[in-house]
Amino acid sequence: MSKVGVFVCHCGRNIAHTVDIKKVLETIKDYEDVVHVEDNMYMCSEPGQAVIKEAIKKHDLDRVVVAACSKDMHEDTFRIVTKEAGLNQYLTEMANIREQCSWVHEDKKESTEKAIKIIGSTIERVKRNQALEPYHIPVTRKALVIGGGIAGIQAALDIADAGYQVTLVEKDSTIGGKMAQLAETFPTLDCSQCILTPKMVAVGRHPNIRLLTNSEVENVDGYVGSFKVKIKKKPRYVIEEKCTICDDCVHVCPVIVHDEYNAGLSPRKAIYIAFPQAVPATYIIDPNTCLGIDPLICAKCKEVCDPKAIDFDMHPEILDEEFGAIVVATGFSAYPYEEIGEYGYGNIHNVISGLEFERLLSANGPTQGVIRRPSDGSIPKTVVFIHCAGSRDPAKHLPYCSKICCMYATKHALQYKHLVHDGVALNFYIDVRTAGKDYEEFYKRATEEESVIYVRGKVSEVIQDGEKLLIRGVNTLTSESIELHADMVVLATGLLPSKGTQEISSILKLSCDSKGFVKEAHPKLKPVETAISGVFVAGTASGPKDIPETVAQASGAAAKAQIILSSDFLERDPVIAEIDDLTCGICHTCIHVCPYGAISYDEGQNKVLVNEALCEGCGSCAAACPSGSIELRNSTYESISASIKALLKA
Amino acid sequence: MSKTSQVTELNSNPNVVLFLCRWCSGKGADLAGTSRLHYPTNVLPIMVNCSSRIDPQHVVEAFLEGADGVLITGCHFGDCHYKTGNYKTFRRMSLLSRLLKQVGVNPKRFRITWISATEGSKFAKITTEMVEDLKKLPPYGKNGKGGES
């Protein structure tokens, strides 16, 4: 026998206007096990809460139903009230008679009947609830940051500055990411390297940060508080501590390949440093092209290396580490330019990508900051910038807007005008989107002060015409077709999730959206949380973003990670699955159904076990179990059945 | 040819048991409330964490207890708070709907639909639609004549 107290809220007139509270109380008071009913103008107010507390004590209530608004509004409020009155908080349930009753119906008689049914069904449910205590799981007070771009750098620095140990894993030979390749940044035109490299150096020398470059996360097990992570440290073939960056090895290396840092516009050797400010500041051997690694054909670099820093016999190392929280900052890659066949990227030398143009603009780029055509090295006098190259084109390419391309194409045009004063910069756009602080002013500056030309319309094709490029398109404001000659075309393409983002989401079992970007736990209110508790996302791994937004998000993700790291134990909701070993037939059905891998078979005990730290409480297993041996606490088969019966009681 | 009795008595007040998930359709139902969209009182809600918590037997029980219709709602595909719960719901309930049809339950009595937290108007529209459909049928279950095709 339970002793249920039912508390009905008027919510001012919000509920009382359409539900006859007096009738509700009169009907409910005669229900089985109901020992006390009471109403109040505002149950959530201090006096309303006091009414509940007093009644729990006075009538020795062991179950509470609050008939008021949605659980989302006040479930926590009333659970705390119950707890403060000395009753377990899981013995309180809310009946939603506002959002799902009084606000959506007009007929008072019918609404009152429906409210009674909803309350009746909630009474049946709460009678079957068990008292539960939150779980405490221990926390390893260390964070893992995956990806060493600006997002990862910022997140790692924030967590480390707060006093926690951080391991930063980067798959490339240096941190810095895409931002290190940029010449200048919009809308302030400050040099990207100048603002980024101090942060890179800070990561390199921070006592709380362990930097693992040339490394990849291989596997992640475990759960929030204790993720067990396998990290593969690939061989560098250069001993970091011994290398003095003297450059002797580079001069003797006979292998010449494209330099990734300069977007393939310049050559590099098989032994190289990505760029002079790389962190860690040490050389690396590219094992795919080096002639010294298995089989040893050439060892010229080793011969000239005075500090004996080169070791061809290095092997991959696997590191096993445990972390309390993970920040995913694996970034983006640009939409494959060659997919946009009509613009001729890959076939026409002088059609280049935004990133290639960025390198041409850069003082440490292949041309030392002079804009030159890849075909003949001449300075282009007319440059066409194509916005939305492969974006906002659901039929053939990306359906979405990548947010930053309008701004970076504007920046490119402006920088080009700064370098080539008599040059013509012409932008083809669909819409110019300048939503950001000082972005509109930046665009105005380009059009009004620096005479960058904007043409609303799409380029239909780019073809080689002698030395020049013939661009055909349409001006959609005047409906005129356009044909013009230019010396160079720059494609402003959109953003895709990087390969690393795709790989890490499958390793961490993160949900992704239809484009492959990591999905946030809530698009508005939980922008840095993911569906996996304890895993956070920052920067372009979750969608196209500019640098300020990326940095803000990285700090947000770092703050969220610190919440987990700030205590020795974590509280977890105890509304999870529970197995009755007596009836369980060990058929493994629940194991396959669980989306979190929270259920496992223990051979030693010959039992199926639920991991309370992994179970999120969906109850999918409970509906699948053929013998009814696995149940979701406080939402059991019987509890739902009883609720259905109460709803349908005539 | 046997004589069949024409069912003339239609159901003016059908009951619909509505299953809501806590994250999408439940919030969609709440949004219908905050937007003050009206729908019939015949819809009786039960909230579970995830639509995949609903056992197909619960649906059968609802019909046995006198429901004239059962409406199952959850998150859209790809949006499930529990990653893949709604896919499981869809698989289970699709099987059940075929079974119910085979035992003579009019398909209009059992619907599965996906409603996001922003689709308050879709929620009101679907619940209204379902009640209207059921009003064109005779009562079902223990209060009605049963046996229909």
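Right above here is the structure, for reference.
This one's a predicted model, so the numbers in the text were calculated from it and none came from an experiment.

Calculation criteria
- Residues numbered from 1 in each chain as written.
- Chains lettered and ligands numbered in written order.
- Predicted model: local features only at pLDDT ≥ 70, side-chain atom pairs only at ≥ 80, totals over all residues.
- Pairing = 2+ DSSP bridges.
- Helix = DSSP H or I, 4+ residues; strand = E, 2+ residues; numbered from the N terminus.
- Right-handed = clockwise from strand over helix to strand, strands pointing away.
- Axes fitted to C-alpha atoms, helices over the stretch in contact; angles between N-to-C directions.
- Contact = placed C-beta atoms within 7 Å.
- Buried ≥ 20, exposed ≤ 12 C-beta atoms within 10 Å, placed from the backbone.
- Core = buried A, V, L, I, M, F, W, Y, C linked by C-beta atoms within 7 Å.

Caption draft 1: Representation of the pairing of strand 23 (residues 453-456) of chain A in the model. Residues and elements named next belong to chain A. Sheet topology places strand 22 (residues 424-429) next to strand 23; four bridges connect them, and they run parallel. What sits directly across from Leu426, in strand 23, is Ile453. Note that the unit made of strand 22, helix 12 (residues 439-449) and strand 23 has a crossover that is right-handed.

Caption draft 2: Up close: the sheet that holds strand 4 (residues 110-114) of chain B. Residue and element names in this part refer to chain B. The four strands lie next to each other as 2-1-3-4, forming an open sheet whose pairing is parallel. Both edges of this open sheet fall to strand 2 (43-48) and strand 4, since each of them pairs with a single strand only. When the angles between neighbouring strand axes are averaged without regard to direction, this sheet yields 20°. Where strand 3 (residues 69-74) meets strand 4, five bridges bridge the pair, whose relative direction is parallel. Its bridge partner lying in strand 4, Leu71 is registered against Arg111. Together, strand 3 and strand 4 form the strand contacts of helix 3 (residues 85-102), whose direction differs from that of strand 4 by roughly 160°.

Caption draft 3: View of the pairing of strand 30 (residues 569-572) of chain A. Residue and element names in this part refer to chain A. Burial along strand 30 is one-sided: Leu570 and Arg572 are buried, and none of Phe569 and Glu571, which face the opposite way, are. In this structure, strand 5 (residues 135-138) lies alongside strand 30, joined through four bridges in antiparallel fashion. If you follow His136 over to strand 30, its bridge partner there is Glu571.

Caption draft 4: Representation of the nonpolar core. Residues and elements named next belong to chain A. Ranked by size, the top nonpolar core spans 125 residues in total, and within it Ala143, Ala155, Ala156, Val327, Val328 and Val489 carry the most contacts. Setting aside chain neighbours within four positions, we find Ala155 in contact with Val145, Val327, Ala329, Ala538, Ala554, Ala557 and Ala558. Ile116, Ile119, Cys594 and Leu632 belong to the second largest nonpolar core, which has 106 residues in total.

Caption draft 5: Layout of the sheet that holds strand 2 (residues 34-40) of chain A. All names here are of chain A. Spatially, four strands are ordered 2-1-3-4 in an open sheet, and the strand pairing comes out parallel. Here the strands that pair on one side only, and so sit at the sheet edges, are strand 2 and strand 4 (92-96). For this sheet the average axis-to-axis angle between neighbouring strands, irrespective of direction, equals 20°. As paired elements, strand 1 (residues 4-9) and strand 3 (residues 63-68) share five bridges and run parallel to each other.

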